[in-house]
Amino acid sequence: MSRRSLRPQLNQIRGWVRQGRTDAWIAHQLEVTVQQIQAFKREQGLEPDFEENGGAPEEVDLRAEDDAQIAAELEAEATRRAEEEARAAEEAARKAAEEEAAAAAAAVVAEAEEAEKPKRAARRRGGRSRRRSGPAGPLEGTFDHGEEGYGLWLDPAVQDDPVYAEHWAGHRPVEITIEEDMIVIRRAGGGEDDAED
């Protein structure tokens, strides 16, 4: 604490000394150090005068009362600080909860928008989906021109192909075009009605 003049509080200090207030209590009330109060009392001759009062002054021990008052003030200050900290923590928790709720709401909206996109796309097309999810890579086969005729042997994985299962499974009449570097096989008639037979 900075040192300040206690001269303006002389009468007040004198009264407290007569009441038997402790130096600690007086220092606390004036927001100065105990050493400043003790030095001021010596300078001003405020120490209890045994001879003036006919010997020892009347025993008035206010130390317990002083200590209780100081403790109450310190406790009140601690309570006020704890309440401020609790309010700050509540405010921080409230803000965090609001931010979390906003983030969750945004995630729900994003999920809903994402879920609606494929539905709208399917409604625009109408009917069944023609999306083809082809195999991971090309399938292999063997063109056989043996003694009993010509044949085409396909990789057994062809049966797992969804396009094959939907459009080519079973016996289908086909048209074949032979070119120098490829053989093209098409469903005969080319109409979808043939595929439904």
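Our structure's up above, just so we're on the same page.
Residues numbered from 1 in each chain as written. Predicted model: local features only at pLDDT ≥ 70, side-chain atom pairs only at ≥ 80, totals over all residues. Heavy atoms only, no water.

Caption draft 1: Fine view of the overall build of the chain. Helix and strand counts for the chain come out as 6 helices and 4 strands. In the chain, the order of α-helices and β-strands from amino to carboxyl end is α-α-α-α-β-β-α-β-β-α. Out of the 197 residues in the chain, the part that is buried amounts to 16%. Considering only intrachain contacts with a sequence separation of at least 6, the fraction spanning at least 24 residues in the chain is 41%. Per element, the accessible surface of the chain, about 15800 Å² overall, is 51% carbon and sulfur. (Helix = DSSP H or I, 4+ residues; strand = E, 2+ residues; numbered from the N terminus. Buried < 20%, exposed > 50% of the residue type's maximum accessible area, 1.4 Å probe, protein only. Contact = heavy atoms within 4.5 Å. Areas by Shrake-Rupley, 256 points an atom, 1.4 Å probe, with all protein chains shown as cover.)

Caption draft 2: Highlighting the pairing of strand S4 (residues 183–187). Across 5 bridges, strand S3 (residues 174–178) lies against S4 in antiparallel orientation. Along S4, the bridge assignment pairs Thr177 with Val184. Linkage of S3 to S4, two consecutive antiparallel strands, is achieved through a turn of 4 residues. (Pairing = 2+ DSSP bridges.)

Caption draft 3: Inspection of the pattern of salt bridges at higher detail. What the rule picks out here adds up to 6 salt bridges. A salt bridge links Glu77 to Arg80; its shortest N-O distance comes to 2.4 Å. One end of the pair is Glu77 and the other is Arg80, both in helix H4 (residues 63–125) and 3 residues apart, which spans about a single turn. The residue Glu98 makes a salt bridge to Arg94 at a minimum N-O spacing of 2.4 Å. Residue Glu98 and its partner Arg94 are both found in helix H4; the two are separated by 4 residues, about one turn of the helix. Taking the relative accessible area as the measure of exposure, Glu98 reaches 45% and is therefore partly exposed. What makes Arg94 partly exposed here is its relative accessible area of 39%. Taken together, the shared-partner salt bridges in this structure form one network comprising Glu77, Arg80, Arg81 and Glu84. (Salt bridge = Lys/Arg side-chain N within 4 Å of Asp/Glu carboxyl O.)

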